[in-house]
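Each chain is listed here by its residues.
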Amino acid sequence: MSDEPVTRIPSDQGAAPPEDGIALCLSGGGYRAMVFHIGALWRLYETGLLGTIKRISTVSGGSITGGMLGLAWRKLSFDPARLKDDFVPHVVMPLRRLAGETIDADAIIIGSILPGRISDRVAGAYDAHLFNGATLQDLPDAPRFVINATNVQSGVLWRFSKPYMRDYRVGEVKRPTVPLAQAVAASSAFPPVLSPFELRLDPASFTPGSGKDLQREPFTTKVMLTDGGVYDNLGLETAWKRYKTILVSDAGGQMAAEEEPKSDWARHSYRVLNLVDNQVRSLRKRQAIDAFKSKVRSGAYWGIRTNIADYELASALVCPFDRTMALAETPTRLKRMDARLQERLINWGYAVCDAALRRHVEASLGPKPQFPYPASPI
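Residues numbered from 1 in each chain as written. Predicted model: local features only at pLDDT ≥ 70, side-chain atom pairs only at ≥ 80, totals over all residues. Heavy atoms only, no water.

With that settled, the discussion passes to unusual backbone geometry. Omega for the bond connecting Pro191 with Pro192 falls within 30 degrees of zero, at 5°, which places this linkage in the cis form. Omega for the peptide link from Glu217 to Pro218 comes to 5°, which places this bond in the cis form. Within the secondary structure layout, Pro218 lies in the loop between β7 (197-200) and β8 (222-226). Even without glycine at this site, Asn132 takes up a positive phi of about 50°. In this fold, Asn132 is placed in the loop between α5 (118-131) and β3 (144-151). Looking at Asn132, the relative accessible area reads 61%, which means it is exposed. Of note, the phi angle at Arg175 is positive, near 45°, even though the residue is not glycine. Looking at the element boundaries, Arg175 is found in the loop between β6 (171-174) and α6 (180-187). (Helix = DSSP H or I, 4+ residues; strand = E, 2+ residues; numbered from the N terminus. Buried < 20%, exposed > 50% of the residue type's maximum accessible area, 1.4 Å probe, protein only.)

What follows deals with the environment of Gln182. When you line up the elements, Gln182 lands in helix α6. C-alpha separation for the pair Gln182 and Tyr126, spaced 56 residues apart in sequence, amounts to 8.3 Å. When near neighbours in sequence (up to four residues on either side) are disregarded, Gln182 contacts Ala123, Phe197 and Leu199. (Contact = heavy atoms within 4.5 Å.)

Glancing now at the nonpolar core. The biggest cluster of nonpolar side chains holds 98 residues, and the ones touching the most others in it are Tyr126, Trp158, Phe160, Leu199, Trp302 and Trp348. It is helix α1 (residues 30-47) that contributes the most residues to this core, 11 residues altogether. Discounting chain neighbours no more than four positions away, the residues touching Leu199 are Trp158, Phe160, Met165, Val178, Gln182, Thr221, Lys222, Val223 and Leu225. (Core = buried A, V, L, I, M, F, W, Y, C linked by side-chain atoms within 4.5 Å.)

What follows concerns the packing of helix α2 (residues 61-72) against helix α3 (residues 83-99). Where α2 contacts α3, the two axes come as close as 9 Å, and the packing angle between them is 140°. It follows that α2 is oblique to α3 by the angle criterion. Classified by chirality, the crossing of α3 by α2 is right-handed. Between α2, through Ile64, Thr65, Met68, Leu69 and Ala72, and α3, the contact on the second element is made entirely by His90, Val91, Pro94, Leu95 and Leu98. Among the residues making up the contact of α2 with α3, the classes are represented as eight nonpolar, two polar and no charged. (Axes fitted to C-alpha atoms, helices over the stretch in contact; angles between N-to-C directions. Parallel < 35°, antiparallel > 145°, perpendicular 65-115°, else oblique. Left-handed = near helix turned anticlockwise from the far one by under 90°. Nonpolar A, V, L, I, M, F, W, Y, C, P; charged D, E, K, R; others polar.)

A separate point is the packing of aromatic side chains. Considering all chains together, one arrives at eight aromatic pairs under this definition. Aromatic side chains Trp42 and Phe87 sit 6.1 Å apart centroid to centroid with 85° between the ring planes, which places their arrangement in the edge-to-face category. With Trp42 in helix α1 and Phe87 in helix α3, the pair connects residues that are 45 residues apart, well separated along the chain. By the burial criterion, Trp42 is buried, and Phe87 matches it. An angle of 75° between the planes, with centres 5.7 Å apart, marks the rings of Trp73 and Phe145 as edge-to-face. Of this pair, Trp73 sits in the loop between α2 and α3 while Phe145 sits in strand β3, placing them 72 residues apart in sequence. Taken together, Trp42, Tyr45, Trp73, Phe78, Phe87, Phe145 and Tyr373 form an aromatic cluster joined through their ring pairs. If you follow Arg96 out to its NZ or CZ, it ends over the ring of Tyr373, 5.0 Å from the centre. (Phe/Tyr/Trp six-rings, centres within 6.5 Å; stacked < 30°, edge-to-face > 60°. Lys NZ or Arg CZ within 6 Å of the ring centre and 35° of its normal.)

The analysis is restricted to geometry; functional conclusions fall outside its scope.
Now the structure itself:
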């Protein structure tokens, strides 16, 4: 359909229609997104929905959260009564510890002085704080975790997963052993300073004939990747085509107004490119929401900039719009957050996810929602 929020590619022709099941999409947005999504996952775990999800598709900051969830998946019981015994120590606390560290500024400074790319420094920090040498093969077989990046050379999506990584133009590598930290770093290589991430590959590792038109060197030897949000800021692409029910957690930023835009060619060009990007992001969001309203897909959307009152749910947690909008203005950085800001973002992700689920997915979901961190009200 032409009004879908995803791009149809040649390999989609003749593909089976979406199947029953739930897919979860986690957007980008730096640490802001990483922490906001913790709250959404908290509520999904508590309701019992998280353990039923078939696919988790992530981009950028959402890939940090998704990568940690994937690595911890086998340790989780998915028993809501044990949330604080397994979900909190295995998922929440490692991510919160990372949120207490600034890694982008250090990577930029060191990467500007020493050999190597800035994105390699970020990957090293992810590995040291979260992944400890794990590779894509350490993800579970089910659900399918898909970490999305953008291939700067081919101009299309590059997806990392346990069974394969691929770009439909360049081809497919089965059972990749790429470090999880590198996949997440590629997905969160925010341009211009953290981008690109360079992935070195052996052309022989590609499945013969799996690429449409670019399965040749240098496309198969040196893959230049940037933030997954450049191509698909909500992570919809690899979920929408496969499943009937889509849950979208959006912590993306919003382009700020400028009273006096710069007129030199470099900064003016950057501003104009951001305008184009902002419009594409907004269109994808509107099309997803319209698809829910028209019943093309079931599911729900919640965003860091959502007004919780719009769900018209009398029992929604109290989240004043002016305060949630202040949280939404948290910069898109990998910069240290104090504990209170982390807790307020987690509370907000939890509350708006709860409202969206009970309004659009299942009204009777329990237990009664309570902020994960009641001492840090929004």
